Amino acid sequence: MNWETINKETLVSENYAYFDTGAAAPPPASVIQKVKRYLDETAEEGIYLPSLRQRVYQDIEKTRGKLAAFIGATAEEIAFTKNGTESICIVAQGIDWKAGDEVILPDTEMLSNISVWLQLEKQRGIKVIRAKANREGLLDAQTIEALVTDKTRLISFVALSNVTGAVQPVADICRMAKTRNILTHVNAAQALGMLDIDVQDWQCDFLSASGRKGLRGIEGSGVLFVSADQLEQVTPCLIGWWNSSIDSKGEVVLPATAKRFEAGCPNTPAIYSLDAALDYANGIGQSAISERSRQLTAYAISRLKTIEGFELYGPQNIADRVSMIPFNIQGVDPKQLVAALERRKIIIEAGHFMASSILQSYNIDCMARASVHYFNTEAEIDRLVSSIIEIKGE
């Protein structure tokens with residue numbers, strides 16, 4: 001694989017060394033071109049030109065099938081959403097909760113996989129049970145199983161942490177839950193396009209993800225997987241044109257597929273971006289992408305460790321992490337580091353990343369985060385390291 005060519009097809013690389021895939025990855029040139037072609041067509045031919053609209057709807061269904069194949073699902077189990085947060089909320093708000101039902105939620109989660117469950121505690125009387133990860137942010141199925149009671153209804157957890165880069169034992173947790181007749185929701189916001197995903201192997205009931213991160217679609221692209229046996233057990237919280245009809249008796253009729261969770265006009269530019277991003281990822285191969293991302297993560301950490309005062313957070317075993325590299329440099333404010341790097345045409349991020357419990361375990365309130373992906377290069381990483389050394393010496 002020619003990684004230099006891939007770097008050149010990432011247009012931001014002409015101007016910046018970009019290390020913030022954890023927030024959003026820059027789309028490949030082919031993704032932007034496909035979105036532009038669609039927008040140009042709508043401007044030049046009219047967005048509801050009948051033949052154009054017919055083709056667009058056919059293309060949406062082709063993308064649905066392509067995305068399903070990418071994660072080991074069927075097209076009937078895939079819904080398009082605006083983002084991962086919306087996908088989580090569709091699941092959370094759609095389950096027929098009973099007062100006292102328990103949701104196990106690890107302390108590894110960020111805001112979007114916390115707020116909705118806490119809201120449901122007040123609105124529906126469920127109980128959120130917090131599971132503890134180890135100090136490096138890693139979960140294990142046995143610790144979670146120890147919290148299971150006859151009230152446990154769902155386990156919701158992240159596959160790949162946006163903070164520590166910890167890769168969680170998704171299959172172990174989901175399979176344990178399956179033996180106990182407990183539902184599982186996997187937040188794959190960071191994992192989609194970064195790790196190999198097979199929902200059949202994982203045995204999860206629900207999976208949410210955003211398209212703008214590892215997969216490299218545009219903003220406004222989200223994914224929801226609902227297993228076939230749960231489709232009619234989740235009530236859509238949004239309903240109207242596109243996902244419903246009214247029969248001769250005046251009854252609302254919903255599709256028997258995950259399209260029931262899509263209401264109103266689809267975000268066609270975002271779906272086209274997913275289509276092109278899937279083509280791009282498939283052209284490389286997801287296994288090759290995952291391996292390259294792990295190699296770059298290992299290289300970046302080894303180089304960053306040469307900086308005096310470098311403090312790494314999250315798993316110390318490189319096999320347990322990918323992409324996200326949270327760190328601080330002793331004596332350097334992380335937000336000032338971000339600003340100084342931007343002046344040098346290098347993009348990273350700093351903050352609490354909506355994961356206060358993880359920061360508390362390290363007794364810090366802010367960290368820098370560099371997140372690498374397969375389009376980055378070793379030369380860019382070397383620039384990052386030398387620039388940090390310069391900034392530290394100023």
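Here's what I pulled together on the structure shown here. If you're wondering where the values come from, they're calculated on a predicted model, not measured in any experiment. (Residues numbered from 1 in each chain as written. Predicted model: local features only at pLDDT ≥ 70, side-chain atom pairs only at ≥ 80, totals over all residues. Heavy atoms only, no water.)

**Digging into the overall build of the protein**
Summing up its helical and strand segments, the protein has 13 helices and 15 strands in all. Taken over C-alpha atoms, the radius of gyration comes to 22 Å for the protein, in line with the 21 Å a tight globule of 394 residues would show. Taken along its principal axes, the extent of the C-alpha atoms in the protein is 75 × 60 × 30 Å. Within the protein, buried positions represent 55% of all 394 residues. Considering only residue pairs separated by 6 or more positions, the protein has 72% of its internal contacts joining residues 24 or more positions apart. Entry remark: accessible area of the protein is about 16500 Å², with carbon and sulfur atoms responsible for 50%. With 40 positive and 49 negative side-chain charges, the protein shows a spacing of 2 Å between the two charge centroids. (Helix = DSSP H or I, 4+ residues; strand = E, 2+ residues; numbered from the N terminus. Rg over C-alpha atoms; globule rule 2.2 N^0.38 Å. Buried < 20%, exposed > 50% of the residue type's maximum accessible area, 1.4 Å probe, protein only. Contact = heavy atoms within 4.5 Å. Areas by Shrake-Rupley, 256 points an atom, 1.4 Å probe, with all protein chains shown as cover. Lys, Arg positive; Asp, Glu negative; His and termini not counted. Charge placed at Lys NZ, Arg CZ, Asp CG, Glu CD.)

**Description of helix α11 (residues 334–343)**
Since there are 3.6 residues in each turn of an α-helix, residues three or four apart along the chain are aligned in direction. Considered for burial, the residues of α11 that qualify are P334, L337, V338, A340 and L341. Buried positions along α11 lie against β12 (324–329), β13 (346–347), β14 (349–351), β15 (367–371) and α13 (378–393). Of the residues flanking the start of α11, the one acting as N-cap is D333, its side-chain oxygen 2.9 Å from the backbone nitrogen of K335. Once α11 ends, the next one or two residues include K345, with phi positive near 65°. (Polar contact = N/O pair within 3.5 Å; in protein donor to acceptor, adjacent residues only side chain to side chain.)

**Some remarks on the packing of helix α4 (residues 84–94) against helix α5 (residues 115–124)**
For any two helices packed against each other, the geometry is given by the interaxial angle and the distance between the axes. Orientation of α4 relative to α5, taken along the N-to-C sense of each, is 20°, at an axis distance of 10 Å. Taken as axis vectors, α4 and α5 run roughly parallel relative to one another. When the axes of α4 and α5 are compared, the crossing they make is right-handed. Taken together, the residues of α5 that come into contact with α4 (itself represented by I88, C89, A92 and Q93) are V116, W117, Q119, L120, Q123 and R124. Residues that form the contact of α4 with α5 fall into these classes: 6 nonpolar, 3 polar and 1 charged. (Axes fitted to C-alpha atoms, helices over the stretch in contact; angles between N-to-C directions. Parallel < 35°, antiparallel > 145°, perpendicular 65-115°, else oblique. Left-handed = near helix turned anticlockwise from the far one by under 90°. Nonpolar A, V, L, I, M, F, W, Y, C, P; charged D, E, K, R; others polar.)

**Focus on the environment of Y38**
Tracing the backbone shows Y38 in helix α2 (residues 29–45). For Y38, a relative accessible area of 5% gives the class buried. Taking the C-alpha atoms as reference points, Y38 and V56, 18 residues apart in sequence, are found 9.0 Å from one another. Sequence-distant contacts of Y38, defined by excluding residues within four places in its chain, comprise I47, R53, V56, T268, P269 and Y272. There is a polar contact of 3.2 Å between the side chain of Y38 and the side chain of R53.

**Notes on the packing of aromatic side chains**
In the structure shown here, the tally under the stated rule is 8 aromatic pairs. On the numbers, 5.6 Å between centres and 35° between planes, the contact of F310 with F327 is tilted. A residue pair is termed long-range when its members are at least 10 positions apart, and F310 in strand β11 (residues 310–312) and F327 in strand β12 qualify at 17 residues. Taking the relative accessible area as the measure of exposure, F310 reaches 14% and is therefore buried. Site record: aromatic cluster; members linked through ring pairs are W3, Y374 and F375. Its end group placed over the ring of W242, K259 keeps NZ or CZ at 4.0 Å from the ring centre. (Phe/Tyr/Trp six-rings, centres within 6.5 Å; stacked < 30°, edge-to-face > 60°. Lys NZ or Arg CZ within 6 Å of the ring centre and 35° of its normal.)

**Some words on the pattern of salt bridges**
Opposite charge on two side chains permits them to pair, given that their charged atoms come into close proximity. Applying the stated criterion to the full structure yields 18 salt bridges. Here K82 ties to E86 by a salt bridge, and the two come within 2.7 Å at their closest N and O atoms. For E86, a relative accessible area of 17% gives the class buried. The residue K178 makes a salt bridge to D205 at a minimum N-O spacing of 3.3 Å. Here the residue K178 occupies a position in helix α7 (residues 170–179), and D205 occupies one in the loop between α8 (199–202) and β7 (206–210), the gap between them amounting to 27 residues. (Salt bridge = Lys/Arg side-chain N within 4 Å of Asp/Glu carboxyl O.)

**Regarding the pairing of strand β8 (residues 222–226)**
Taken across its 5 residues, β8 has 5 buried, putting it largely inside the fold. Covered by surrounding structure in β8 are G222, L224 and V226 together with V223 and F225, the residues of both alternating faces. Examined bridge by bridge, strand β2 (residues 78–81) and β8 share 4 bridges and lie antiparallel to one another. Of the residues in β8, the one forming a bridge with F80 is V223. In this sheet, β8 lies alongside β7 in antiparallel orientation, the contact comprising 5 bridges. By the bridge assignment for β8, S208 is matched with L224. (Pairing = 2+ DSSP bridges.)

**Here's the deal with the sheet that holds strand β6 (residues 183–187)**
Strand order in the open sheet formed by 7 strands is β2-β8-β7-β6-β5-β3-β4, with mixed pairing between adjacent strands. Looking at strand neighbours, the two that pair on one side only are β2 and β4 (127–131), the edges of this open sheet. Pairs of neighbouring strands in the sheet enclose a mean axial angle of 20°, with direction left out of account. Pairing of strand β3 (residues 102–106) with strand β5 (residues 152–158) involves 3 bridges; the strand directions are parallel. Within the sheet, the bridge partner assigned to I104 lies in β5 and is I155. Here helix α3 (residues 50–71) sits on the sheet in contact with β2 and β8, set at roughly 115° to β2.

**Digging into the environment of T10**
Its place among the elements puts T10 in the loop between α1 (3–8) and β1 (17–18). Put simply, T10 and A29 are 19 residues apart on the chain and 6.2 Å apart in space, counted from C-alpha to C-alpha. Once you skip the residues sitting within four places of it in the chain, T10 turns out to touch P26, R216 and F375. Polar side-chain contacts of T10 include one of 3.1 Å to the backbone oxygen of I6.

**Here we look at the nonpolar core**
Counting residues in hydrophobic clusters, the biggest one holds 69 residues, and the most contacted among them are I71, I155, I197, W202 and L207. Ranked by residue count, the leading element in this core is helix α9 (residues 268–284), at 10 residues. Beyond its immediate chain neighbours, meaning those up to four positions away, L207 contacts H185, V186, A188, I197, V199, W202, V223, L224 and F225. If you look at the next biggest cluster of nonpolar residues, it comprises 28 residues, including V338, A370, V372 and V385. (Core = buried A, V, L, I, M, F, W, Y, C linked by side-chain atoms within 4.5 Å.)

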